[in-house]
Amino acid sequence: MEGHGHDAVRPGRSPPVGRGRLRIFLGAAPGVGKTYAMLAEGQRLRSLGADVVVGFVEPHGRRPTAAMAEGLEAVPRRTLTHRGAAFTEMDLDGVLARCPQVALVDELAHTNAPGTRNEKRWQDVAELLDAGIDVVTTLNVQHLESLNDVVRQITGVRQQETLPDEVARRADQIELVDLPPEVLRRRMVHGDIYPPDRIESALTHYFRVGNLTALREIALLWLADRVEEGLQRYRAEHGIVAPWETRERILVGLSGGPEGETLIRRAARISARTPGTELLALHVVQEEGLARVDPAALDAQRMLLESLGGSYHQTTGEDPVEPLLQFAEAENVTQIVLGASRHGRLATLVRAGVGERTIKRSGPIDVHIVTHEEAAGNAALRLPRPGQGMGLWRHATALAGAAVLLPTLTLLLTTVRGQLGLAGDLVIYLLVIVVVALVGGVYPALLTAVAAALLGDYYFTAPLHSLDIERPAQIATLVVFLATAVLVGTAAGAGARHTQQAVRATSEARALSRLSAGMMRGQDLAALVEIIRENFGLSAVSLLERDPRASPVPRWYVIAGAGEHPPEKPYEADVESPVDDALTLAARGPSLSAEDRRVLAACAAELGLAHARGRITGSGGPDDPLAEAERTRASLLLAAGRDLRAPLRTAEKALRRLRRGTGRRTPDEKRLLDTAQMAVHRAGQLVADLDDLSRLHAGALELYLRPVDPNEALGAALDDLGPGGHSIALRMPEYLPDVIADAALLTRALTALGADALRHSPPDRPPVITMEAVNGRVAIQVADGTADDAAPAGGAVSSRAGSLALRLSRDLAEAMDGCLETTAERGPFTVTLTLPGCAPGAAPATGGAR
């Protein structure tokens, strides 16, 4: 929008063609100057000849803002009446009829008053954009839907008015209006933001330096992500693959080897030198590798990376270099960190290492090669340990086979000596070496190759039956045979080892997936234990739990068992896999290898999670009829609430349309429509209360306990109640300490109590809300307007005490370590909500979500 030239357009011009452009002035907090910046932009566009009108601007009594609006044409606001109160909103139809080139619309996330065509102001703006009108608007970052919970955790205040992120993402231009926290607080002290009666409360709560700094960082990061999206979109549209160093992105290549942690820490130190650097790691799963990847080591490296603020990624490929560079180009990586090669010099002569090939093909991306203990230059040349990957019994089988095959083959070849020649005899020996390598791996193949060379020299090289060699050509033949045998045996052994590892990995994955599938289907512990028994071919398995009260001699209980005579004590088992101090998996059966024990430990950990989940989610067993009846009742209530929401919303919309109708209605008809609309709205509130109560009992309602100003919570509750036919009397001391509570849930409870008191108060006697500090706690009393000497009916009192509003408020109070009591001996029905207070200077509560 900025910088375009418009011809002056006045009322009555033809409608514009195409969709309008949206520009947002984004701020981190109230008072940073968003509305002022929007009006200044309107004045600039007006000076360039553009047709600019003010659709809606709220100066909040700030003189500089009001002065900046002078000279701009404004479309008169629309006045609406709701529950006896008058509201002014943007006249959408008036702006559309005026059809300007640019409309200035303040507070994009604002909720319109009942009676307007759209519920939200951003929906009004969407209509303006569809009509081809450019819109300049304002928005605070805390009103974005995706950041609402984050802002609540920081400030303790949940924003009631939110905007879908997608609306802001579709803006053609977003400009940040920023002020340092100290400057913003100074403006607050000078009265440039809030009226004097709200300054002290704002400075000590929402406008703390820490809160403002965090909100400022959130706004900057959110806007940086939008800029990054635009940059990536531009690069994709223009086919740009070379990285642009707009900010440092460091990629760590993880092979799955033990050097991974060294590389991650080194990359993190590089990242720490430049603020704003992004740290990533990539593991390429290959069909062939230098050594088998240890999943436990890779998981540990992933956890280390995430603890340092990095993100872990994984892909597949035959050669790690190509996927590594493709990922680096896609993510606009500027630096790659790799470990020094673990291959020896001989292997690098055949094929360059990953680091060298990455350097040659990386282009403008910097590549760091980090040395480590496993690098070839730091460790002696070594072959796989005997028994690694293949198993000692397979080595023994291969050596036994070689001990049988070599003499037998030699005996057969001596019967046809001279017909095949030395080369032919050695080729037949080579076949034995390959078979031995496939069975036993590298070491048996090497021993067989040396033995075959000696047998060929002794029995088929002149002079016979001697290790001496007369002809130099035969020496060369034997040397070439030995070298070929070593290479072929090594390759065949490595292939066999990789094949066995792939089969084992498949079996391990199948075992874990069967157990996970059983957990997802909700199978009980006994069925899960049976799955483990079948996976490992064990005769009996049991999950044991230790009684924490039994000391010093431990007492064990069988929680679930499978097979014949499952072990009842850990020492009765052949294999034990502890889950924690109080839980262990015990099994009888054949001995397990180290790899099988590792997988069994993973299965035991999954079983422990299933046991803990069952302990948490159900105190009553499946056979408990009372628990089953309670679950059935709760599910029916939840289902009924979900089914009621849609028809209630439809009825409320229909009643709003009827009230906006142009036909004449009598006062009685209008009163009936108002009554019906209030009744439908109340029914919707009851459904919402029921849903919150069910979520609270199910443990699905999150709590964020922190110091909360009860005055601010009460103010938010009064805003939620909205204007109505009744007023509420407030009695509060001059100073009241903060309470330890969840700000949103405290507001919810006070809203429910206030609405209940309003419903039961006569028009001439408003309910009274009293706050006072008592013995380190804060008591909030809500009394209805019943006469002081009235004798309440016992049934009415019982009904009030058991109402849904009081039940929800009581449960919310107890969840916040408070209590709620009711009294109605004579006079007004009084509800007292008591919460723990926060002493001045006390540290904030650290218990986050509960």
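Residues numbered from 1 in each chain as written. Predicted model: local features only at pLDDT ≥ 70, side-chain atom pairs only at ≥ 80, totals over all residues. Heavy atoms only, no water.

Quick look at the overall build of the chain now. Helix and strand content of the chain: 26 helices and 24 strands. For the chain, the proportion of its 850 residues judged to be buried stands at 40%. (Helix = DSSP H or I, 4+ residues; strand = E, 2+ residues; numbered from the N terminus. Buried < 20%, exposed > 50% of the residue type's maximum accessible area, 1.4 Å probe, protein only.)

This brings us to the nonpolar core. Leu104, Leu128, Leu139, Leu144 and Leu163 are the most contacted members of the largest nonpolar core, which totals 54 residues. No other element matches helix H9 (residues 209-237), which puts five residues into this core. Core analysis: the second largest hydrophobic core is formed by 32 residues, Ala749, Leu753, Ile780 and Cys838 among them. (Core = buried A, V, L, I, M, F, W, Y, C linked by side-chain atoms within 4.5 Å.)

Moving on to the pattern of salt bridges. Counted according to the given criterion, the structure contains 20 salt bridges. When the shortest N-O distance is used, the salt bridge between Glu261 and Arg265 registers 3.5 Å. Here Glu261 and its partner Arg265 are both found in helix H10 (residues 260-272), four residues apart, which amounts to about one turn of the helix. Classification of Glu261 by relative accessible area gives partly exposed; the value is 29%. Glu356 is paired through a salt bridge with Lys360; the nearest N and O atoms lie 3.6 Å apart. Of this pair, Glu356 and Lys360 both sit in helix H14 (residues 354-361), four residues apart, roughly one helical turn. By relative accessible area, which is 43% here, Glu356 ends up partly exposed. When its relative accessible area of 63% is taken as the criterion, Lys360 is described as exposed. Linked through salt bridges whose partners overlap, the residues forming this network are Arg23, Glu41, Arg44 and Glu175. (Salt bridge = Lys/Arg side-chain N within 4 Å of Asp/Glu carboxyl O.)

Contact geometry of helix H12 (residues 321-330) with H14 gives a least axis separation of 10 Å together with a crossing angle of 45°. Taken together, the axes of H12 and H14 lie oblique to each other. As for the relative orientation of H12 and H14, their crossing is right-handed in sense. Contacts between H12 and H14 pair Val321, Glu322, Leu324 and Leu325 from the former with Val354, Arg357, Thr358 and Arg361 from the latter. When grouped by side-chain class, the residues that make up the contact of H12 with H14 number four nonpolar, one polar and three charged. (Axes fitted to C-alpha atoms, helices over the stretch in contact; angles between N-to-C directions. Parallel < 35°, antiparallel > 145°, perpendicular 65-115°, else oblique. Left-handed = near helix turned anticlockwise from the far one by under 90°. Contact = heavy atoms within 4.5 Å. Nonpolar A, V, L, I, M, F, W, Y, C, P; charged D, E, K, R; others polar.)

Averaged over every residue, the pLDDT of the chain is 75; residues scoring 70 or more account for 71%. For the stretch residues 376-389, pLDDT sits under 50, and the model shows 23 contacts to residues farther than four places along the chain or on other chains. Confidence drops under a pLDDT of 50 for residues 841-850, and excluding neighbours within four residues, the segment shows 17 contacts in the predicted structure. (pLDDT = per-residue confidence, 0-100.)

What follows deals with a nonpolar patch on the surface. Taken together, the side chains of Val450, Leu454, Tyr458 and Leu467 make up a nonpolar region of the molecular surface, amounting to roughly 350 Å² of accessible area. Of note, Leu454 is situated in helix H17 (residues 442-460). You can call Leu454 partly exposed: its relative accessible area is 45%. (Patch = residues over 30% accessible without salt bridge, like charges linked within 9 Å, V, L, I, M, F, W, Y side chains within 5 Å. Areas by Shrake-Rupley, 256 points an atom, 1.4 Å probe, with all protein chains shown as cover.)

A few words now on the sheet that holds strand S14 (residues 540-546). If you trace the four strands from one edge of the open sheet to the other, you get S15-S14-S17-S16, paired in antiparallel fashion. If you trace the sheet from one side to the other, it starts and ends with strand S15 (556-563) and strand S16 (575-578), each paired once. With direction set aside, neighbouring strand axes in the sheet form an average angle of 20°. Along the sheet face, helix H19 (residues 525-536) touches S14, S15 and strand S17 (583-588) and points at about 60° away from the line of S15. (Pairing = 2+ DSSP bridges.)

A word on unusual backbone geometry. For His565, which is not glycine, the phi torsion reads 50° and is therefore positive. Along the chain, His565 falls in the loop between S15 and S16. In this structure, Asn775 is a non-glycine residue whose phi angle is positive, near 50°. Position of Asn775 relative to the elements: it lies in the loop between strand S21 (768-774) and strand S22 (777-783). According to the relative accessible area criterion, Asn775 is exposed, its value standing at 78%.

The next thing to look at is the packing of aromatic side chains. Considering all chains together, one arrives at zero aromatic pairs under this definition. Over the ring of Phe56 we find Arg121; its NZ or CZ atom is 3.9 Å from the centre of that ring. (Phe/Tyr/Trp six-rings, centres within 6.5 Å; stacked < 30°, edge-to-face > 60°. Lys NZ or Arg CZ within 6 Å of the ring centre and 35° of its normal.)

For the rest of this paragraph, the subject is the environment of Phe460. Summarising the element assignment, Phe460 is placed in helix H17. Taking relative accessible area as the criterion, Phe460 reaches 9% and is therefore assigned buried. Taking C-alpha positions, Phe460 is 6.3 Å from Leu422, a pair spaced 38 residues apart along the chain. Not counting residues up to four positions away in its chain, the partners in contact with Phe460 are Thr410, Leu413, Thr414, Arg417, Leu422, Asp425, Tyr429 and Leu455.

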